[in-house]
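Results of the structural survey
Letter by letter, the chains look like this.
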Amino acid sequence: MARRICVLVFASLLFVSVAHATPPPVEAPRTLEAVDVAGVVPGPGLWRVRRGEHVLWLVGTLSPLPEAMQWRSVELDARLEEADAILGGPGFVFGTGRGMLHAMTLLPSAMGVRKLPERKRLADVLTPELYARWSELKAEHLGRDRGVERWRPLFAAQKLHNKAVQGAGLSFGSPVGEHIGKAQKRRDLPRIDAFFETIIEEPRQAIREFKRGELDDIECFERTLLRLETDLALLTARAEAWAIGDVEALRTLHDTDPAGACIDALARVSVMQKNGLSDVQAQIRSSWLDAADEALDAHRSTVGAVPIGMLLDAGPDGVLAAFTARGYRVLGPDEVDEAALDEAALDHDVVEGAEVEAAQVQSAAQE
């Protein structure tokens, strides 16, 4: 278990969904209006990944969601009652290989990774035009916060984004994971971990290198500002579509790469590459798919939750395409299982033919 101790030094500070791929801007007011979704809502249906008699049921999660929303999925509850196992979500952890105590001793030295090196301020690293846009949004959402001016652009953008979203009546986190966790505990189901893990042998040195190094995160920062300036209508529309289970609308509003610019910026840092994190998104995806293979091979019915963007990505590099390439049958919640219908029709014809033949034999015997 020591190798599986998660060092939150980087994980809590670095990989955050603060930027989104930029679709064509939609018209929206400058200030994000509160999302009005209340009462009990079902969320989207489940995706099915099947081979033979074994099936993996996947529910797509979304964050942020309306704060006042109460979530309940009858379909998911039914699948959890018949499940043999739970598949963990995609993600990553850093480990030191030396246990919890060692990890905790790193926290004081890690707290400074957010700050710009050499006591610089955002005004020193941003163009005047970009800093003016930042200042306007900061005044609106963060007020007179002076400390954030010394943060690296990526982390400053994260704080701005979070504050704006919370002010709109949205909250981070997903009710789905908690719901599945309660069912797992109640039924004492095995859990198949799916995260990608890397061991940092010299974590203190890695932290020092990160603090001193440059972080090419201006694109991440600018995309976040653009989202807050023009695309917040998309954010609210996605939250509403998820709440009512409108999969077609979610496909239309889908962001293909919710945090790509920020993750790519971090992956380019030399200390990250030296520790095997040059392509984190691919490594996370590969680890999760391998865990899904394990679950499907060992269990008749498994339930898991993943960010809904993974399930909406219909591209050749998406996880659904990967499942198909591995020989699984994949169906979305709004898709009909044509193969199953054909099999049912064939079975019906066989039974009907057998009944006719039996009737003919009985008639001949009576004659």
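Residues numbered from 1 in each chain as written. Predicted model: local features only at pLDDT ≥ 70, side-chain atom pairs only at ≥ 80, totals over all residues. Heavy atoms only, no water.

**Re the packing of helix α2 (residues 74–82) against helix α7 (residues 175–187)**
- Across the interface, α2 lies against α7 with an axial gap of 10 Å and an inter-helix angle of 30 degrees. The pairing of α2 with α7 is recorded here as roughly parallel in orientation. The two elements α2 and α7 meet at a crossing, and its hand is right-handed. Residue-level contacts link Leu-76, Asp-77, Leu-80, Glu-81 and Glu-82 of α2 to Val-176, His-179, Ile-180, Ala-183, Arg-186 and Arg-187 of α7.
- Taken together, the residues of the contact of α2 with α7 sort by class into five nonpolar, one polar and five charged. (Axes fitted to C-alpha atoms, helices over the stretch in contact; angles between N-to-C directions. Helix = DSSP H or I, 4+ residues; strand = E, 2+ residues; numbered from the N terminus. Parallel < 35°, antiparallel > 145°, perpendicular 65-115°, else oblique. Left-handed = near helix turned anticlockwise from the far one by under 90°. Contact = heavy atoms within 4.5 Å. Nonpolar A, V, L, I, M, F, W, Y, C, P; charged D, E, K, R; others polar.)

**Things to note about the packing of aromatic side chains**
- This structure, assessed with the given rule, holds four aromatic pairs.
- Arranged with centres 5.7 Å apart and planes meeting at 85 degrees, the rings of Phe-323 and Tyr-328 form a pair that is edge-to-face.
- Residue classification places Phe-323 among the buried residues on the basis of a relative accessible area of 0%.
- Since its relative accessible area comes to 7%, Tyr-328 is described here as buried.
- Chaining the aromatic ring pairs together yields one cluster made of Trp-288, Phe-323 and Tyr-328.
- One Lys or Arg, Arg-51, reaches over the ring of Tyr-328 and ends 4.0 Å from the middle of that ring. (Phe/Tyr/Trp six-rings, centres within 6.5 Å; stacked < 30°, edge-to-face > 60°. Buried < 20%, exposed > 50% of the residue type's maximum accessible area, 1.4 Å probe, protein only. Lys NZ or Arg CZ within 6 Å of the ring centre and 35° of its normal.)

**Some words on the pairing of strand β11 (residues 301–307)**
- For β11, the tally of buried residues reaches six of seven residues, placing the bulk of the element in the interior.
- Sheet analysis places strand β3 (residues 54–61) next to β11, joined by seven bridges and oriented parallel. Looking at the pairing, Thr-61 lines up with Pro-307 of β11.
- Alignment of strand β6 (residues 85–87) against β11, held across three bridges, turns out to be parallel. Counted as the bridge partner of Ile-86 is Val-303 from β11. (Pairing = 2+ DSSP bridges.)

**A closer look at the pattern of salt bridges**
- For the coordinates displayed, the defined rule picks out 15 salt bridges.
- Across the pair Glu-81 and Arg-186 runs a salt bridge, and its minimum N-O distance is 2.5 Å. Placement of the pair is Glu-81 in helix α2 and Arg-186 in helix α7, with a sequence separation of 105 residues.
- Exposure remark for Glu-81: the relative accessible area of 43% places this residue in the partly exposed category.
- We note a salt bridge from Lys-159 to Asp-145, for which the minimum N-O separation is 2.6 Å. Here Lys-159, found in helix α6 (residues 153–167), pairs with Asp-145, found in the loop between α5 (128–141) and α6; they are 14 residues apart in sequence, far enough to count as distant.
- Residue class for Lys-159 comes out partly exposed when judged on its relative accessible area of 28%.
- Exposure remark for Asp-145: the relative accessible area of 18% places this residue in the buried category.
- Counted as one network, the salt bridges with shared partners bring together Glu-129, Arg-133, Glu-222 and Glu-229. (Salt bridge = Lys/Arg side-chain N within 4 Å of Asp/Glu carboxyl O.)

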